[in-house]
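# Topology and contacts: notes
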Amino acid sequence: MKHSVLAVLGLALAASPACAATICPPGGTVRFGVEPYESTALLMPIYQKIASDLSAKIGCPVKINITTSYNAEIEAMRAGKLEVGEFGPLGYVLAHKVADAQAVATVADADGKPSTYTASVVTWPGSGITSLAGVKGHSFAYSDPASTSGHLFPAFALKSAGIDPEKGVKALYAGSHTASYETLVHHKVDAGELNSQTIQAAELKHDYDPKNFVVLWQSKPIPLDPITVYGKLNPALKEKLTVALQSLSLANLTPAEQKVIGSQSATLVPTTDAAYDQVRSLVHVLNIDLSKLN
C-alpha cells in the first residue's frame, strides 16, 4: 500500500504546475527570432523586455535572436531552431509555406485591434522626379527582397505605374529599412521605399524631417508583423506559447519603445493566418516566386 501511495503521489507531482518546466523545449530555452526591420541596437533592448515578460508567463527562459536577414529567420524556423518568430507580413507568408510558421499574435492599435502600418515610394526635393511614373530609369532603394513594405508594396506601386519593378529601375537592395532610409537621406539613390515604422524610429532619434522627402505613392493600411509559433512544436508547448503571446503585456516598454514596434496599446492581441491574405494576393498579382525569396 505504501508503494502504491508513493506511486500515485509521484504521478500527481509530475502533472502539477511545479513540473511545468517539462513543457519547455529540448534544451530548456525558447528561442525567439525577430527579423531585422530596424537596427539590432534599437531592437534588442525592446525585445529583451518582451522576452523577460514571456518567460515569466510560460516558465521557460526566452532568448532573443535578431537575425541577420529576413530569410535567415525563415531558415532558422524551418530547421527547427526557433520556437517563436516575428516576421514581416511577406516573410510570414513564405515562412508559413516553407517553415510551418503559424501566426498567433500581433501588436494592437489604440482600440485594441491589430495594428497596421503603411508603405510608400518617396524621392527627395531636387531629384527631378515629380511623379511615380517618373521613377522609371532611376536608381531605387528597396530594403530586402522578402520585405513587405520594403519590396512587395513598392514593387506593386511601380508595376501599377507601368514600370517593371526590377528592370525598369536601377534596383538597390539596401538590406534593411534603416539602410534604405540612409541611402535616401544622403541622396545615394533617386527614389526608394519608406515605411511608417521607419519614420517613427527616425523621429525618436530626431533624424526625420518631412521636408527632406517627396511622397510619390502611399499604400493602404497593411497588417503589422505577426508573432508566430513553430507548427511542429510539442502541442502542449505550442498551446502554452499561443495563450501567453495573445495576451502578453507590453507595459514594461516605454512609450517610445512601443512606438518602434507599432504598438498603441500595451498588450499583444490575437491574429490569424487569414489576416495576411491581402499580402498573398499581391504576391499573385506580381507573379512573385516565393521560393526565389528564400
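Above this note sits the structure.
## What about the packing of helix 5 (residues 148-160) against helix 10 (residues 277-285)?
- For the pair helix 5 and helix 10, the least separation of the axes is 11 Å and the interaxial angle reads 50°. With respect to helix 10, the element helix 5 is oriented oblique. For helix 5 against helix 10, the interelement crossing comes out left-handed. Where helix 5 approaches helix 10, its residues Thr148, Leu152, Phe153, Phe156 and Lys159 are matched on the opposing element by Gln278, Val279, Leu282, Val283 and Val285.
- Its residues assigned to classes, the contact of helix 5 with helix 10 shows seven nonpolar, two polar and one charged.

## Looking at the pattern of salt bridges
- According to the stated counting rule, one finds seven salt bridges in the structure shown.
- The salt bridge partner of Arg31 is Glu83, with a shortest N-O separation of 2.6 Å. Of the two residues, Arg31 is situated in strand 1 (residues 30-34) and Glu83 in the loop between helix 3 (70-78) and strand 3 (84-86); the sequence distance between them amounts to 52 residues.
- Note on Arg31: relative accessible area 30%, which makes it partly exposed.
- The class of Glu83 is buried, set by a relative accessible area of 4%.
- Via salt bridges that share partners, Asp273, Asp277 and Arg280 belong to a single interconnected network.

## Some details on helix 2 (residues 40-58)
- Taking 1.5 Å per residue, 19 residues should reach 27 Å; helix 2 reaches 25 Å between its end C-alpha atoms and fits that length.
- Looking only at helix 2, the buried set comprises Leu43, Ile46, Tyr47, Ile50, Ala51, Asp53, Leu54 and Ile58.
- Tucked inside the fold, the buried residues of helix 2 contact strand 1, strand 2 (62-66), strand 3, helix 8 (235-245) and helix 9 (255-260).
- At the C-terminal side of helix 2, Gly59 shows a positive phi close to 80°.

## With respect to the state of the cysteines
- Scanning the model with the defined rule gives one disulfide in all.
- Across the disulfide, Cys24 is cross-linked to Cys60 (sulfur-sulfur distance 1.9 Å). Note on the Cys24 and Cys60 pair: the S-S dihedral is about -100°, so by sign convention the disulfide is left-handed. Of this pair, Cys24 sits in the loop between helix 1 (2-14) and strand 1 while Cys60 sits in the loop between helix 2 and strand 2, and the two are 36 residues apart along the sequence.

## Section: the sheet that holds strand 1
- With mixed pairing, the six strands of this open sheet are ordered in space as 2-1-3-12-4-13. Strands with a single pairing partner mark the edges of an open sheet, and in this sheet they are strand 2 and strand 13 (265-270). Sheet twist, expressed as the average angle between the axes of neighbouring strands with direction ignored, equals 25°.
- On the sheet, helix 8 packs against strand 1, strand 3, strand 4 (101-108), strand 12 (227-230) and strand 13 and is oriented at approximately 170° with respect to strand 12.

Thresholds applied
- Residues numbered from 1 in each chain as written.
- Predicted model: local features only at pLDDT ≥ 70, side-chain atom pairs only at ≥ 80, totals over all residues.
- Heavy atoms only, no water.
- Axes fitted to C-alpha atoms, helices over the stretch in contact; angles between N-to-C directions.
- Helix = DSSP H or I, 4+ residues; strand = E, 2+ residues; numbered from the N terminus.
- Parallel < 35°, antiparallel > 145°, perpendicular 65-115°, else oblique.
- Left-handed = near helix turned anticlockwise from the far one by under 90°.
- Contact = heavy atoms within 4.5 Å.
- Nonpolar A, V, L, I, M, F, W, Y, C, P; charged D, E, K, R; others polar.
- Salt bridge = Lys/Arg side-chain N within 4 Å of Asp/Glu carboxyl O.
- Buried < 20%, exposed > 50% of the residue type's maximum accessible area, 1.4 Å probe, protein only.
- Expected span 1.5 Å × (residues − 1).
- Disulfide = S-S within 2.5 Å.
- Pairing = 2+ DSSP bridges.

Honestly, that's just the spatial picture; any functional story needs more than this.
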